[in-house]
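Overview (structure and organization)
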Amino acid sequence: MAKILIHLTHGPEAPTQADRAFLIAKTAIQEGHFVSMFLAGSAVQLLRDDILDSVIGVGDGVTTVRESYDAIIQGGGAIYLSRISCGARGMTEKELSGKQAQLAEPNVLVRLTVDHDRVITYG
């Protein structure tokens, strides 16, 4: 199976794009692929508890971002958040407490891009 990186920059202001990135990650894991997500820009806000529970895409079979997030984590997926984007949006490590997500610098995105077989970008 493949290693897939999903790079997302859309956040709560673009719920369909945000939801689709998490849905694709969840689906890839369910199909046996290894998935990493790198959230940057406004997308880092998706891991705020109130937003995880409220962002829903449009269309058949949509769920909250939290439901997809939980499936990604339970399926062994990895989630990285841009440290720079978190700082610019006032996201603190306290808000990330208990969540399986790592703060990362730009070099991590470069490394992930090189290490994965495919990259899907929602930007």
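Conventions we followed
Residues numbered from 1 in each chain as written. Predicted model: local features only at pLDDT ≥ 70, side-chain atom pairs only at ≥ 80, totals over all residues. Heavy atoms only, no water. Buried < 20%, exposed > 50% of the residue type's maximum accessible area, 1.4 Å probe, protein only. Helix = DSSP H or I, 4+ residues; strand = E, 2+ residues; numbered from the N terminus. Arc of directions from axis to C-beta. Contact = heavy atoms within 4.5 Å. Pairing = 2+ DSSP bridges. Axes fitted to C-alpha atoms, helices over the stretch in contact; angles between N-to-C directions.

1. A word on helix α3 (residues 65–74)
- Val65, Ser68, Tyr69, Ile72 and Ile73 are the residues of α3 that are buried. All buried residues of α3 project into a common sector of 135° when viewed along the axis, lining one side.
- Where α3 is buried, its residues touch α1 (15–30), β2 (34–39), α2 (49–54) and β3 (78–82).
- A positive backbone phi angle near 90° is found at Gly76, which sits one or two residues after α3.

2. Overview of the sheet that holds strand β5 (residues 118–122)
- Here five strands make up an open sheet; going across it, the order is β4-β3-β2-β1-β5 and the pairing parallel. Looking at which strands have only one partner, the edges of the open sheet turn out to be β4 (102–104) and β5. Geometrically, the sheet is characterised by an average inter-axis angle of 25° between neighbouring strands, direction not taken into account.
- In the sheet, strand β1 (residues 3–8) pairs with β2 via six bridges, with the strands oriented parallel. The partner of His7 across the bridge, within β2, is Phe38.
- The strands touched by α1 within the sheet are β1, β2, β3 and β5, with β1 carrying the most contacts at an inclination of about 170°.

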